[in-house]
Amino acid sequence: MIIDKLENLKNYVPLNPLFADVVAFIENTDLGAQPAGKVFIKGDELFANFNVCKGKKKGEPKLETHDVMIDIQVPLNHAETMGYKPRTELSEAEYDESVDMTLYDDEPQQYVTVAPGMFVIFFPQDGHAPAICDCDELHKIIFKVKA
């Protein structure tokens, strides 16, 4: 997991060549003006989900992992707290290949808060429970990047 300011995302491009396309998309797009929905940037290898959801309380969202994709999550209008637990410490659970997701009944080991202007990267080894926020409408982007 990596958490940092959005202006520093370019520093992480060496970790995955598709991160450069994420940086270019952010620099050339009015993120706040995008409607909810999916935007394909490089086919199935890189796309952005513009989400609007109701904030959840700690304990509501399940921890999840992804085998194929990396998440770069960017809150747009409210700070968002996310639970975290390393995949190696998660209990066994069934992987759903159709949505590239495994959901766990485990409790997060710790929490991080990501404010607008920041991002968090969750790699396949990072269990995460997103959307913890005391708000009625959380606007965020989840970039899905092929690992």
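Residues numbered from 1 in each chain as written. Predicted model: local features only at pLDDT ≥ 70, side-chain atom pairs only at ≥ 80, totals over all residues. Heavy atoms only, no water.

Draft legend 1. Focus on unusual backbone geometry. In this structure, Asp-100 is a non-glycine residue whose phi angle is positive, near 50°. For Asp-100, the position within the fold is in the loop between β7 (95-96) and β8 (101-104). You can call Asp-100 buried: its relative accessible area is 9%. Phi is positive for Ala-131, close to 70°, though the residue is something other than glycine. Among the residues examined, Ala-131 registers a relative accessible area of 7% and is labelled buried. (Helix = DSSP H or I, 4+ residues; strand = E, 2+ residues; numbered from the N terminus. Buried < 20%, exposed > 50% of the residue type's maximum accessible area, 1.4 Å probe, protein only.)

Draft legend 2. How the structure looks around the sheet that holds strand β3 (residues 46-53). Taken in spatial order, the 6 strands make up an open sheet running β1-β10-β5-β12-β3-β2, and their pairing is antiparallel. Here the strands that pair on one side only, and so sit at the sheet edges, are β1 (2-5) and β2 (37-42). The sheet shows a mean angle of 20° between the axes of neighbouring strands, direction not considered. The pairing of β1 with strand β10 (residues 118-122) spans 4 bridges and is classified as antiparallel. Within β10, the residue paired with Lys-5 across the bridge is Met-118. Sheet strands touched by helix α1 (residues 19-27): β2, β3, β5 (69-75), β10 and β12 (138-146). Its angle to β12, the strand with the most contacts, is close to 150°. (Pairing = 2+ DSSP bridges. Axes fitted to C-alpha atoms, helices over the stretch in contact; angles between N-to-C directions. Contact = heavy atoms within 4.5 Å.)

Draft legend 3. Expanded view of the side chain of Thr-65. For Thr-65, the location among the structural elements is in strand β4 (residues 63-65). Engagement of the side chain of Thr-65 in a polar contact is seen with the side chain of Tyr-104, the distance being 2.9 Å. (Polar contact = N/O pair within 3.5 Å; in protein donor to acceptor, adjacent residues only side chain to side chain.)

Draft legend 4. Quick look at the side chain of Asp-4. On the secondary structure map, Asp-4 appears in strand β1. Buried charge without a salt bridge: Asp-4, with Lys-5 as the nearest opposite-charge side chain at an N-O distance of 7.3 Å. A distance of 2.9 Å separates polar atoms of two side chains, one belonging to Asp-4 and the other to Asn-8. Ignoring sequence-local partners within four residues, the contact set of Asp-4 consists of Tyr-12, Met-118 and Phe-119. (Lys, Arg positive; Asp, Glu negative; His and termini not counted. Salt bridge = Lys/Arg side-chain N within 4 Å of Asp/Glu carboxyl O.)

Draft legend 5. Here's a closer look at the packing of aromatic side chains. For the coordinates displayed, the defined rule picks out 4 aromatic pairs. Seen in terms of ring centroids, Phe-25 and Phe-143 are 5.9 Å apart; in terms of plane orientation they differ by 80°. Their pairing is edge-to-face. Placement of the pair is Phe-25 in helix α1 and Phe-143 in strand β12, with a sequence separation of 118 residues. Pair check on accessibility: Phe-25 and Phe-143 agree, each one buried. Chaining the aromatic ring pairs together yields one cluster made of Phe-25, Phe-50 and Phe-143. Directly above the ring of Phe-47 sits Lys-38, whose terminal nitrogen or CZ lies 4.6 Å from the centroid. One residue, Lys-58, lies across the ring of Tyr-111, its end atom 4.2 Å from the ring centre. (Phe/Tyr/Trp six-rings, centres within 6.5 Å; stacked < 30°, edge-to-face > 60°. Lys NZ or Arg CZ within 6 Å of the ring centre and 35° of its normal.)

Draft legend 6. Local environment of the environment of Val-22. With respect to the helices and strands, the residue Val-22 is situated in helix α1. For Val-22, a relative accessible area of 0% translates into the label buried. Residues Val-22 and Ala-48 lie 26 residues apart in sequence; the distance between their C-alpha atoms is 8.8 Å.

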